[in-house]
Structures are given as C-alpha cells and as structure tokens.
Amino acid sequence: MAATQIYKHGDQAYIVLRQKMIFTFAKTFEADPDMELVQMYMHWCGADHVLRSQTHFMFCETIPEVEFEEIDHES
C-alpha cells in the first residue's frame, strides 16, 4: 500500500490522490494544458481540488476542518 501524501496550501490541507505532469494534458510540450481534460481527469480519479506546481498537477481530496465542541464533565 502506498503512503498517503498530505499537502498543506495556506490554511487548507489536502490528500494528494495522484500527480500528473502538466504536459500530459497538452497537445504538445509547448502548448498550454487543456483545462477541460484536467477537470475530466479530476472527476474520474475522485478528486475535489487540483493544485498546480511548475511541472505537475496534483489531484487532491480536501481534508475538512474539524469543529471542536467543549465537553462538560460535570453532567
């Protein structure tokens, strides 16, 4: 089983499901990526967010923030 990669971007944390080179979604190495293909791939792999580095797209699942509730031990 592969290790789970967690990526923190600003105040939000993500589970990185997959990474793909940017040129994977372009017609040529010099062309801009087709963002419609990126979105289709995102939905296919079950991601809800895509982050981009200089070389890769990271297809991620957002880790929801936990809401804490104070516990009253006197009850």
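What is the right way to read the nonpolar core from this model?
In globular proteins that are soluble, nonpolar side chains generally tend to be buried together. Counting nine residues, the largest nonpolar core consists of Ile22, Phe25, Val38, Tyr41, Met42, Cys45, Ala47, Phe57 and Phe59. Of all the secondary structure elements, the ones that give two or more residues to this core are α1 (35-44) and β4 (56-63). Among the elements that make up this core, the one with the highest residue count is α1 (three residues). The residues touching phenylalanine 57, leaving out its near neighbours within four places in the chain, are Arg18, Gln19, Lys20, Ile22, Phe25, Pro33, Met35, Val38, Val50, Leu51 and Arg52. Formed by five residues, the second largest nonpolar core is a distinct cluster that contains Tyr14, Leu51, Met58 and Cys60.

Mind showing me how you'd approach the packing of aromatic side chains here?
Summed over the entire model, instances satisfying the criterion amount to six aromatic pairs. Centre to centre, the rings of phenylalanine 57 and phenylalanine 59 are 6.4 Å apart; their planes meet at 50 degrees, and the pair counts as tilted. The pair formed by phenylalanine 57 and phenylalanine 59 is uniform in burial state, with each residue classed as buried. Feature note: the residues Phe25, Tyr41, Trp44, Phe57 and Phe59 constitute an aromatic cluster, connected by ring pairs.

Would you mind showing me how to read the environment of histidine 49 here?
By secondary structure assignment, the location of histidine 49 is in strand β3 (residues 49-52). On the basis of relative accessible area, histidine 49 is assigned to the partly exposed category, the value being 29%. It is 6.2 Å that separates the C-alpha atoms of histidine 49 and glutamate 61, two residues lying twelve residues apart in sequence.

Parameters at a glance
Residues numbered from 1 in each chain as written. Predicted model: local features only at pLDDT ≥ 70, side-chain atom pairs only at ≥ 80, totals over all residues. Heavy atoms only, no water. Core = buried A, V, L, I, M, F, W, Y, C linked by side-chain atoms within 4.5 Å. Buried < 20%, exposed > 50% of the residue type's maximum accessible area, 1.4 Å probe, protein only. Helix = DSSP H or I, 4+ residues; strand = E, 2+ residues; numbered from the N terminus. Contact = heavy atoms within 4.5 Å. Phe/Tyr/Trp six-rings, centres within 6.5 Å; stacked < 30°, edge-to-face > 60°.

Everything listed here is a matter of coordinates, which is why it stays silent on function.
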